[in-house]
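Take a look at the letters that make up each chain.
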There are 2 protein chains.
Amino acid sequence: MQLNSEDLRDKIKMANLRPTRQRLALAELLFAEGNRHVTAERLHNEAMGAGVTVSLATIYNNLHQFTSAGLLREVVVDSSRSYFDTNVSPHHHFFHENTGELEDIPRNELSVDTIPDLPEGTEICSVDVIVRVTDRRS
Amino acid sequence: MQLNSEDLRDKIKMANLRPTRQRLALAELLFAEGNRHVTAERLHNEAMGAGVTVSLATIYNNLHQFTSAGLLREVVVDSSRSYFDTNVSPHHHFFHENTGELEDIPRNELSVDTIPDLPEGTEICSVDVIVRVTDRRS
DNA sequence: ATAGCTGCAAATGCTTTGCAAGGCC
DNA sequence: GGCCTTGCAAAGCATTTGCAGCTAT
């Protein structure tokens, strides 16, 4: 999944968002190649490193706008940080407790077999599985 | 699982913690009857309501001490709040997105069947499944 | 032109910390 | 007495908000 500037522009337009300088730069970092899992802070650092001037507030704005548009998915793994995943298809995660890194579990490698009876009057919104791992002998 | 004051005192002593007034009161609220899922704020409110003077800092101290002692388990479901579960045996959860309520999934009603290949050099720390539900038609 | 974006700084909300006073053994 | 606990207020952090100025269309 390799996207060029044109593709990114389209992707943003289809989400009814304006292709501003900052937004394009963030989209580039997020979607240009393969799947990514980022925190707001990390993305901010990357943007700065890439010579793009973006404020942290704008990072948050855009991450949430992308999420609303279905271009990103928010993953809750750590109560102190928010992670955003560029892979929006249903799948689960490994979370490295040591490094704070998030990694996809290939779709075919994990599935939830029995679906429990739901509480009265509710419907499933999503099923999230997080396999927390640590370095061996730590 | 009905515990009286003596049982609670023992439980606390076994965790190498002192049975102070606040700690006993919190243990009472948490462990006296059945399983519970609480946030620090909720527990604080309950304590106040029960006429027990406890500061929020002490609530956090004790929740973490109980957690370290294996009497509680922290569950990450919402990036803005921490939940503590009095059920420390392995099990999964329903999370009501509307109410912020956490509920156990009976052990036999959900299991993860295929275990994925772990990343190199890591070992499983825990497997957390959260079934997020919303009220029907919301 | 105008509706949407952006940056900054201030505000927020949950959680943690520092430290003096108090309580358990 | 000594050490663990507590409470308060202040600090910390990630995230959000208000608002004036900027920018796509």
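Up top is the structure.
Residues numbered from 1 in each chain as written. Chains lettered and ligands numbered in written order. Predicted model: local features only at pLDDT ≥ 70, side-chain atom pairs only at ≥ 80, totals over all residues. Heavy atoms only, no water.

K.L.:
Break down the sheet that holds strand S3 (residues 81–85) of chain B for me, with residues and values.
P.N.:
Residue and element names in this part refer to chain B. The strand order across the open sheet formed by three strands is S1-S3-S2, and the pairing between neighbours is antiparallel. The open sheet has two edge strands, strand S1 (37–39) and strand S2 (73–78), and neither has a second partner. Sheet twist, expressed as the mean angle between neighbouring strand axes with direction ignored, is 35 degrees. Bridge count for S1 against S3 is three bridges, and the pairing is antiparallel. The residue of S3 that forms the bridge with Val38 is Phe84. Sitting on the sheet, helix H3 (residues 40–49) is in contact with S1 and S3, with an inclination near 90 degrees to S1. (Pairing = 2+ DSSP bridges. Helix = DSSP H or I, 4+ residues; strand = E, 2+ residues; numbered from the N terminus. Axes fitted to C-alpha atoms, helices over the stretch in contact; angles between N-to-C directions. Contact = heavy atoms within 4.5 Å.)

K.L.:
Quick rundown of the protein's contact with DNA strand D? Include the residues and the values.
P.N.:
In the region of DNA strand D, 22 residues are neighbours, and Tyr60 and His64 of chain A together with Gln22, Arg23 and Thr58 of chain B sit closest. Taken together, the sugar and phosphate atoms account for 77% of what DNA strand D places within 4 Å of the protein. A distance of 3.4 Å separates a base oxygen of DNA strand D from a polar side-chain atom of Arg18 of chain A. In the environment of DNA strand D, a phosphate oxygen lies 3.0 Å from a nitrogen or oxygen atom belonging to the backbone of Ser55 of chain B. Every element with two or more residues in the surface near DNA strand D is listed here: helix H4 (56–68) and strand S3 (81–85) of chain A together with helix H2 (21–31) and helix H4 (56–68) of chain B. (Near = heavy atom within 4 Å. Polar contact = N/O pair within 3.5 Å; in protein donor to acceptor, adjacent residues only side chain to side chain.)

K.L.:
Give me the protein's contact with DNA strand C: which residues, what numbers.
P.N.:
Neighbouring DNA strand C are 23 residues, the closest being Thr20, Gln22 and Thr58 of chain A together with Arg18 and Tyr60 of chain B. The contact atoms of DNA strand C, taken as those within 4 Å of the protein, divide so that sugar and phosphate hold 77%. Contact distances for DNA strand C include 2.9 Å between a base nitrogen and a side-chain N or O atom of Arg18 of chain A. Taking Ser55 of chain A, its main chain carries an N or O atom lying 3.0 Å from a phosphate oxygen of DNA strand C. Residue classes in the surface near DNA strand C are distributed as seven nonpolar, ten polar and six charged. (Nonpolar A, V, L, I, M, F, W, Y, C, P; charged D, E, K, R; others polar.)

K.L.:
Kindly report on the pairing of strand S6 (residues 122–135) of chain A, identifying the contributing residues and their values.
P.N.:
Where strand S4 (residues 92–96) of chain A meets S6 of chain A, four bridges bridge the pair, whose relative direction is parallel. Following the sheet pairing, His96 of chain A is matched in S6 of chain A by Val133 of chain A. Here S6 of chain A pairs with strand S6 (residues 122–135) of chain B via 13 bridges, running antiparallel. Across the sheet, the residue bridging to Glu123 of chain A is Thr134 of chain B, located in S6 of chain B.

K.L.:
So what's going on with the sheet that holds S6 of chain B? Residues and values would help.
P.N.:
Judged by pairing direction, the sheet is mixed, and its six strands sit side by side in the order S5(A)-S4(A)-S6(A)-S6(B)-S4(B)-S5(B) without closing on themselves. Whereas interior strands pair on both sides, the edge strands pair on one side only; in this sheet they are strand S5 (101–105) of chain A together with strand S5 (101–105) of chain B. When the angles between neighbouring strand axes are averaged without regard to direction, this sheet yields 30 degrees. Bridging between S4 of chain A and S5 of chain A involves five bridges; their strand directions are antiparallel. The partner of His92 of chain A across the bridge, within S5 of chain A, is Ile105 of chain A.

K.L.:
Account for the relation of the copies chain B and chain A, with residues named and values stated.
P.N.:
Between chain B and chain A, the superposition needs a rotation of 180 degrees and an axial shift of 0.0 Å, giving an RMSD of 0.1 Å. Here the two chains are linked by the operation of a two-fold rotation axis. When the interface residues of chain B are mapped onto chain A, 100% of them are again interface residues, pointing to one common binding face. (Least-squares fit on C-alpha atoms with pLDDT ≥ 70 in both.)

K.L.:
If you had to explain the pairing of S2 of chain B to someone new, which residues and values would you point to?
P.N.:
Most of S2 of chain B sits out of view: five of its six residues are buried. Here S2 of chain B folds back onto S3 of chain B, and the loop between the two strands holds two residues. (Buried < 20%, exposed > 50% of the residue type's maximum accessible area, 1.4 Å probe, protein only.)

K.L.:
I'd love a proper account of the interface of chain B and chain A, names of residues and values included.
P.N.:
Between chain B and chain A, the contact holds 39 residues from the first and 39 residues from the second. Summed over both sides, the interface between chain B and chain A buries roughly 3400 Å², with carbon and sulfur atoms accounting for 53% of that surface. Our count for the chain B to chain A interface comes out at two salt bridges. For the salt bridge of Arg132 of chain A with Asp128 of chain B, the shortest nitrogen-to-oxygen distance reads 2.8 Å. (Buried area = accessible area lost by both parts, 1.4 Å probe. Salt bridge = Lys/Arg side-chain N within 4 Å of Asp/Glu carboxyl O.)

K.L.:
Got a sec to walk through helix H3 (residues 40–49) of chain A? Specific residues and values, please.
P.N.:
Residues and elements named next belong to chain A. Taken together, the buried positions of H3 are occupied by Ala40, Leu43, His44 and Ala47. Projected onto a plane normal to the axis of H3, the buried residues spread over an arc of 105 degrees and lie on a single side. Among the exposed residues of H3, those oriented more than 90 degrees off its buried face are Glu41 and Gly49. Looking at the buried side of H3, the elements it contacts are helix H2 (21–31), strand S1 (37–39), H4 and S3. Remark: Gly51 follows H3 within two positions and exhibits a positive phi of approximately 75 degrees. (Arc of directions from axis to C-beta.)

The values are spatial; any link to function lies outside them.
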